[in-house]
Amino acid sequence: MLSFEEIKCSLEHAGQSHVLQFWSELSGDDKNTFLVELSQLDLDELREHCERAAESAKADHSATAADQQIEPVSSEFIGSIRKSDHTALTGWENEGFLQISQNRVAVLLLAGGQGTRLGVSYPKGMYNVGLPSSKTLYQIQAERICKIQELANAKHGSKCTVPWYIMTSEFTLDPTKKFFQENKYFGLDPSDVVMFEQRMIPAVTFDGKVILQDKGKIAMAPDGNGGLYRALVDNKVLENMEERGVEYLHVYCVDNILVKMADPIFIGFCVSKGADCGAKVVEKAYPAEPVGVVCKVKGVYQVVEYSELRPETAEQRDPGGELVYSAGNICNHFFTRPFLNEVAQKFQGQLKQHVALKKVPFVDREGNLVKPTKPNGIKMEKFVFDVFQFSSTPNMRHFPPDNGRKFVAFEVLREEEFSPLKNADGAPLDTPTTARQSLLAQHYRWAMAAGASFLDAQGKSLPPRPRVTRDEDPPAVCEISPLVSFFGEGLEQLLGQKVLTTPFLLDENRAKELLQAQ
């Protein structure tokens, strides 16, 4: 640990001497705690970080150069659930299951953010959206891993493992660990659930000064989900993957209740195409929808934010009437381990820093705690998708032209695979209610496709409605455990020609009862 004088000198050099303005008022224990925190900062980088944050906040981020040099992803690099035939989909799925059965696939969860917008103080993965089973996001995802392992084993006669890597932060690591321990890792082997922590970086004022959230504590924030690449190195996660024989990673965000863990079709598509990097996308609902678009700028793959697109660009349509820039990013990615290793070791320092203007509680010059009502600080973030540029073929700026790197995109159906949980109920979109509706609507469609019909609580027949959308309540409440069906498979034997009473919960015990009754 650095001495007080060393830290004081470094802070003065960085133009941040105000950080110690309340030093004399701290107790001995508080001084020691603060010294430990300050020693963990990269003080040599602090000046550059603060200056870059202030400059970025002043920059114009409206639609400019990126929009003028944009082009869509070439059709040969896009796969699609909607547009592909049964033979292609089955081939990709078989390839994916083969890789899973050989222990070559892992999933990596990005879970470092807090549930501030959701209105909770605990990690989003611990949230219960109000399903009949009361399952949390973490439990749903864990059970999907259990099921995909079971399906791969049955298909190939193997005994495979899909390791679950979970990137947390200072805010989410301890509660996540405790939650998993209390729930016995939801049936997974604890040794196959690897949690690690991303970096925290200081929040900065608009004029480039580190913010104090208390007299002896700096306001810190995770460095965005793009902090993954440094965290992989800092925590020796890549070495762990190599030891396990993992070659392919499915990376996703915690808040998507419909995420298909280690999706064999997506994995198989990317492997079949020889891709180093892939992105699942959904078709934009309308031109101005506030989602980033996967595309190319100057021949380099990247995500262009909706705010960077001019209306006339966003509204462009092809001869068939479909949006030209329709590939909406949903933070759901494929990477090979060698690609991740090269990015983490050589290029993570080149990732773009994104500005997030936030309301950051702080202590004023008199030492009083102030909770601002409007943004007063800058949190710099890196985004996980900003590595797409390193997979472009060829990308002369970073790799030799014969590197053979390839980026692919894979379009999936929004109502089947994307319903994020971001806001508290009362907001128009992405709430606990819309997440719950999306999952229950999906499970209702699965039950109907399997041949089931429903009665209400009074025993009255409910007319079928197979085209239930993701943002409305289905006619009947039907929840299907991931331990019973991963993505709607195997339900004909259980539910075919069955008359079910709403609410209906199909868990493992109910599934056994239905089989025994046949």
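Residues numbered from 1 in each chain as written. Predicted model: local features only at pLDDT ≥ 70, side-chain atom pairs only at ≥ 80, totals over all residues. Heavy atoms only, no water.

Trainee: I'd like to hear about the sheet that holds strand E24 (residues 499-501), residue by residue, with values.
Mentor: As summarised here, the arrangement of the three strands in space is E22-E21-E24, forming an open sheet in which the pairing is mixed. Lying at the two open borders of the sheet, with one neighbouring strand each, are strand E22 (461-462) and E24. Examined bridge by bridge, strand E21 (residues 453-455) and E22 share two bridges and lie antiparallel to one another. From the neighbouring strand, Leu455 faces E22, where its bridge partner is Ser461. (Pairing = 2+ DSSP bridges. Helix = DSSP H or I, 4+ residues; strand = E, 2+ residues; numbered from the N terminus.)

Trainee: Outline the packing of helix H5 (residues 86-101) against helix H6 (residues 137-156), supporting the account with residue identities and numerical values.
Mentor: The axes of two packed helices give the description: the angle between them and the distance between them. Running from N to C, H5 and H6 cross one another at 100 degrees; their axes reach a closest spacing of 9 Å. Of the possible angle classes, the one that applies to H5 and H6 is roughly perpendicular. Here Asn94, Phe97, Leu98, Ile100 and Ser101 of H5 lie close against H6, whose contacting residues are Ile148, Leu151, Ala152, Lys155 and His156. Split into classes, the residues belonging to the contact of H5 with H6 amount to six nonpolar, three polar and one charged. (Axes fitted to C-alpha atoms, helices over the stretch in contact; angles between N-to-C directions. Parallel < 35°, antiparallel > 145°, perpendicular 65-115°, else oblique. Contact = heavy atoms within 4.5 Å. Nonpolar A, V, L, I, M, F, W, Y, C, P; charged D, E, K, R; others polar.)

Trainee: Describe empty space enclosed by the protein, and please don't skip the residues or the numbers.
Mentor: One pass over the structure, following the stated rule, counts two cavities of 30 Å³ or more. The space that makes up the largest cavity amounts to roughly 80 Å³. Together, 14 residues line the largest cavity, and Arg144, Gln442, Trp446, Phe486 and Phe487 are the ones closest to its centre. Take the lining of the largest cavity: its biggest share by element is four residues, from helix H14 (residues 432-449). (1 Å grid on protein atoms, 1.4 Å probe; cavity = no way out; pocket = protein on both sides within 12 Å on 5 of 7 lines; lining within 4 Å. Points joined across faces, edges and corners; volume = space filled by probe spheres on them.)

Trainee: So what's going on with the packing of aromatic side chains? Residues and values would help.
Mentor: Applying the stated criterion to the full structure yields 24 aromatic pairs. When the centroid spacing of 5.1 Å and the interplanar angle of 65 degrees are considered together, the rings of Tyr138 and Phe180 count as edge-to-face. With a gap of 42 residues between them, Tyr138 in helix H6 and Phe180 in helix H7 (residues 173-182) connect regions that are remote in the sequence. There is no split in this pair, since Tyr138 and Phe180 are both buried. Geometrically, the ring pair formed by Phe335 and Phe339 is stacked, given 6.0 Å between the ring centres and 15 degrees between the ring planes. In this structure, Phe335 and Phe339 share a single accessibility class: buried. A network of ring pairs unites the aromatic residues Phe77, Tyr301, Phe383, Phe385, Phe388 and Phe407 as a single cluster. Sitting over the ring of Phe487, Lys260 keeps its end group 3.8 Å from the ring centre. (Phe/Tyr/Trp six-rings, centres within 6.5 Å; stacked < 30°, edge-to-face > 60°. Buried < 20%, exposed > 50% of the residue type's maximum accessible area, 1.4 Å probe, protein only. Lys NZ or Arg CZ within 6 Å of the ring centre and 35° of its normal.)

Honestly, it's all geometry; don't read function into it.
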